[in-house]
Amino acid sequence: MRASLPYGSWPSPLSAADAAAAAPRFEGAAFVGDEIWWGESVASEGGRTAILRRARTGETTTVLPAPFSARSRVHEYGGGSWATTADGTLFFVEKSDQRVWRLAPGAAPAPLTPEADSTRFGGLAVHAGRLLAIREVHDDRPVPARSIVAIDVDSGHVEVLVEGSDFLAQPALSPDGSHLAWVAWDHPDMPWDRTVIRVGRLGASGVDSVQDITSGSTSALQPTWTDDGELIWIDDHTGRWNLYRGDLAGLSAGGPADALAPADADTGGALWTLGSRWYGLCGASGVFAVRTDGDDELVLIAPTGATTVVPVPPRSRLLVEASRADAVLVSGTAPGVTGIWLVGVDGAVELVRGATFPLDADWLPEPRRLTVEGPHGPVHAFDYPPTNPEVTGPTGERPPYLVWVHGGPTSHVAGVADTKTAFFTSRGIGVLDVNYGGSTGYGREYRERLRGQWGVVDVDDVAAAARGLVAAGAADGDRLAIEGGSAGGWTVLGALVGTDVFAAGVSRYGVADARTLAADTHDFEARYLDGLIGPLPEAEELYIARSPLQHADRLRVPLLILQGDEDAVVPPSQSEAVRDALAARGVPHAYVLYEGEGHGFRRTETIVHALESELAFLGSVFGFATPGVPPLPLAGGGETIGDAGQPAATA
């Protein structure tokens, strides 16, 4: 018989260290001869991105040793920080100097591109023997100069192929090397708003005879050439990101593109990082593609258009990393596992790399789809109830819940419980993961619900989802906490000042003031708020009205604030302004500043401390014990709190 204990106080063998170890970050994967290579953030080594490889024998070794770290800062979020040739020569963007380096088999890493403090590279790709990249030059111009370049793999000479757009991404060279396709867009659009796919002929001085393949009024992504010279790409002119293909000659003559197995689901997503891929070609077998409608799934589209769902484990954050004639590499999250899988055209699936769930499967909560009607339409979420095979809650008691708000705000969550989820649910704390209006994965209309309404629709939707959970009898309405990072942190703060639904909040590097964000943020997002709120200065009153910091007098419930001191997207000043407002009003709070962390935490000690702090915070606020994790002191004054040897939490 299971013991009966108050929710939140259940003993759990799942530690914060387990949760940190089970959620590695991957940075691409590739087939290199008969080996599989991938990039992986090593939390125990300061979060550096190493390149590893698995030989045919199954042995895993490190290709890129410490202290090197393959991490690009193009668009700040990077992506495409490494690429290889067929013979195993590695090209990578070194985090410390943003130059492209070369690592030949048997040699030591050596810089390839010239030293330049103002220059960054990203989106590396080897096509037809040429190393392509996105180059970003920061100088005195208001917008960094971006171009698609070809880098000589021996001399490091950089040749500009394409320029003239505010943003460029995903260059692809035709098999015969005669044409280049790429994605372009300009301020104030984001790549999920409007982009254009262009194709040009490679000439003696860059690219000429440029033509637009898509309309420029939709979000078009990931152009890819087939072996016979056709072009495949993603477009959402029907309201869903689907695949299209066309012959260049026919497209040049104004001929229509052919839809490739259209579906009421998305093959595509928000292009935050340059390495994002949602499909891959597999020769005569067709195309492997990710489709998303709530959950992610992998499908194999035959040349006839016939579509087969491939039953792969990952159903969340699923991406196609690389493909070849007989197989594909996909990354994502399966129940309890974050990893990279090898999938054959015959349906065979093998886990290449992944941190598995350290307990039996009955410790993982089974997700329950929740759709509620909010003031702006349906709101989709996934409910993870408290789950512990050894303990149950008292009869008649409803559990506390943690409502998660993803960032972006164009991100997407699917119904997959990971180790972080189980860290809370195994202790008797439910988790509600919300895809509020603006999230990807439900089509363009759902995504654009947030247009001009950031701080309204997102707040209303998370509140509606939480109220729906309480109305269904699944959660204690007096013990609801809300947690989110970045744009999710904005929604957390907005919900705390704009609703009475939540009794506590956790903001991870959250946006607090929209005008400050517009003034301080980097160029990739410099005009993002034009679409989310409105252009400045015309919409300044809206910026003031929507910003939680402008309504700090309404912050009345305890708040935990977690922040990195090197965050260039949401600087510490925003979190510190919220802290100061809480302190001035005597609202219980804790502020934790992590040294050496940026926008998103990468180090083991940070991830562990943040999770334990969050659990201790909930225990302090909701009045339950947290076995194995000491209580977190909350303050409303100006003293400093925190354990020795841990990052300081400044009230």
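Within each chain, residue numbers correspond to sequence positions counted from 1 in written order. With the structure being a predicted model, the display of local features is reserved for residues of pLDDT at least 70 and the display and counting of side-chain atom pairs for 80 or more, all residues being used for whole-chain, interface and lining totals. The basis for every side-chain value is the complete set of heavy atoms in the structure, and neither hydrogens nor water enter the calculation.

### Overview of the overall build of the protein
Then comes step 1: Strands here mean DSSP runs of E at least two residues long; helices mean DSSP runs of H or I at least four residues long; both are numbered from the N terminus. When its secondary structure is counted, the protein shows eleven helices and 40 strands.
Then comes step 2: A globule of 651 residues ought to have a C-alpha radius of gyration of about 26 Å, and the protein, at 24 Å, matches this closely.
Then comes step 3: For the protein, the spread of C-alpha atoms along the three principal axes comes to 70 × 60 × 50 Å.
Then comes step 4: Here the term buried applies to any residue with accessible area under 20% of the maximum for its type, exposed to any over 50%, and partly exposed to those in between, with areas from a 1.4 Å probe on protein chains only. Expressed as a percentage of the 651 residues in the protein, the buried residues total 60%.
Then comes step 5: Should any heavy atoms of two residues lie within 4.5 Å, those residues are considered in contact. Sequence separation of at least 24 residues holds for 57% of the intrachain contacts in the protein that already meet a minimum separation of 6.
Then comes step 6: Using a 1.4 Å probe, the Shrake-Rupley method yields the accessible areas, and only the shown protein chains count as cover for residues. Summed over all atoms, the accessible surface of the protein reaches about 23800 Å², with 49% contributed by carbon and sulfur.
Then comes step 7: When charges are counted, neither His nor the chain ends are considered; positive counts come from Lys and Arg and negative counts from Asp and Glu. Note that the charge is assigned to NZ on lysines, CZ on arginines, CG on aspartates and CD on glutamates. Side chains of the protein carry 48 positive and 83 negative charges; the gap between the two charge centres is 1 Å. Put simply, the radius of gyration uses C-alpha atoms, and a globule should come to 2.2 Å times the residue count raised to 0.38.

### Things to note about the pairing of strand β19 (residues 230-235)
Every other side chain in a regular strand lies on the same face of the sheet, so the side chains alternate between the two faces.
Then comes step 1: Extensive coverage of β19 is indicated by the burial of six of its six residues.
Then comes step 2: Here β19 shows a buried face lined by E230, I232 and I234 and a second buried face lined by L231, W233 and D235.
Then comes step 3: Whether two strands pair comes down to DSSP finding at least two bridges between them. Note: strand β18 (residues 221-225) against β19, three bridges, orientation antiparallel. Among the inter-strand pairings, T224 is bridged to a residue of β19, identified as I232.
Then comes step 4: Here β18 hands over to β19 after four residues, with G229 in that stretch at a positive phi of 90 degrees.
Then comes step 5: As defined by bridge partners, β19 adjoins strand β20 (residues 242-247) across six bridges and the pair is classed as antiparallel. Its bridge partner being in β20, I234 is matched across the sheet by L243.
Then comes step 6: Following β19, the chain reverses through six residues before pairing antiparallel with β20; G239 in that reversal takes a positive phi of roughly 100 degrees.

### A look at the nonpolar core
Then comes step 1: The definition of a nonpolar core used throughout is a set of buried Ala, Val, Leu, Ile, Met, Phe, Trp, Tyr and Cys residues joined through side-chain atoms within 4.5 Å. Within the largest apolar cluster, 79 residues are counted, with the highest numbers of intra-cluster contacts made by F424, L432, V434, F502 and L618.
Then comes step 2: Here V434 is in contact with V379, H380, A381, V403, W404, H406, V413, V462 and A465, once residues within four sequence places are set aside.
Then comes step 3: Among the nonpolar cores identified, the runner-up in size contains 67 residues, and A169, L202, L231 and Y528 belong to it.

### Description of the environment of G443
Then comes step 1: Structurally, G443 is set in the loop between β34 (430-435) and α4 (444-447).
Then comes step 2: A residue is classified by how much of its surface remains accessible, and G443, at 4% relative accessible area, is buried.
Then comes step 3: The sequence separation of G443 and W241 amounts to 202 residues, and the corresponding C-alpha distance is 7.4 Å.
Then comes step 4: If sequence neighbours within four positions are ignored, G443 has contacts with G239, R240 and D266.

### Observations concerning the sheet that holds strand β25 (residues 307-310)
Then comes step 1: Spatially, β22-β23-β24-β25 is the arrangement adopted by the four strands of the open sheet, whose pairing is antiparallel. The sheet is open, and its two edges are formed by β22 (279-281) and β25, each paired on a single side. Taking each pair of neighbouring strands and ignoring which way they run, the sheet shows an average axis angle of 30 degrees.
Then comes step 2: The pairing of β22 with strand β23 (residues 287-293) spans three bridges and is antiparallel. Following the sheet pairing, Y279 is matched in β23 by A289. Note on definitions: angles span 0 to 180 degrees between N-to-C directions of axes, and those axes are lines fitted to C-alpha atoms, for helices only across the stretch in contact.

### Side note on the packing of aromatic side chains
Then comes step 1: Two rings from Phe, Tyr or Trp (for Trp, the six-membered ring) form a pair when their centres sit within 6.5 Å of each other. Planes less than 30 degrees apart are called stacked, planes more than 60 degrees apart edge-to-face, and all others tilted. Counted by the stated rule, this structure contains 18 aromatic pairs.
Then comes step 2: Cluster of aromatic residues (ring-pair linked, three or more members): Y77, F167, W185, W192, W272, F524 and Y528.
Then comes step 3: We call a charge positioned above a ring when the Lys NZ or Arg CZ atom is no farther than 6 Å from the ring centre and deviates by at most 35 degrees from the ring normal. When the ring centre of W404 is taken as reference, the NZ or CZ atom of K420 above it lies at 4.7 Å.
Then comes step 4: Over the aromatic face of F423 sits the side chain of R427, whose NZ or CZ is 4.3 Å from the ring centroid.

### Details of the side chain of T419
Then comes step 1: Residue placement: T419 occurs in helix α3 (residues 419-425).
Then comes step 2: Not counting residues within four places of it along the chain, the set of residues in contact with T419 comprises L14, D18, A19, A22, G336, F357 and P358.

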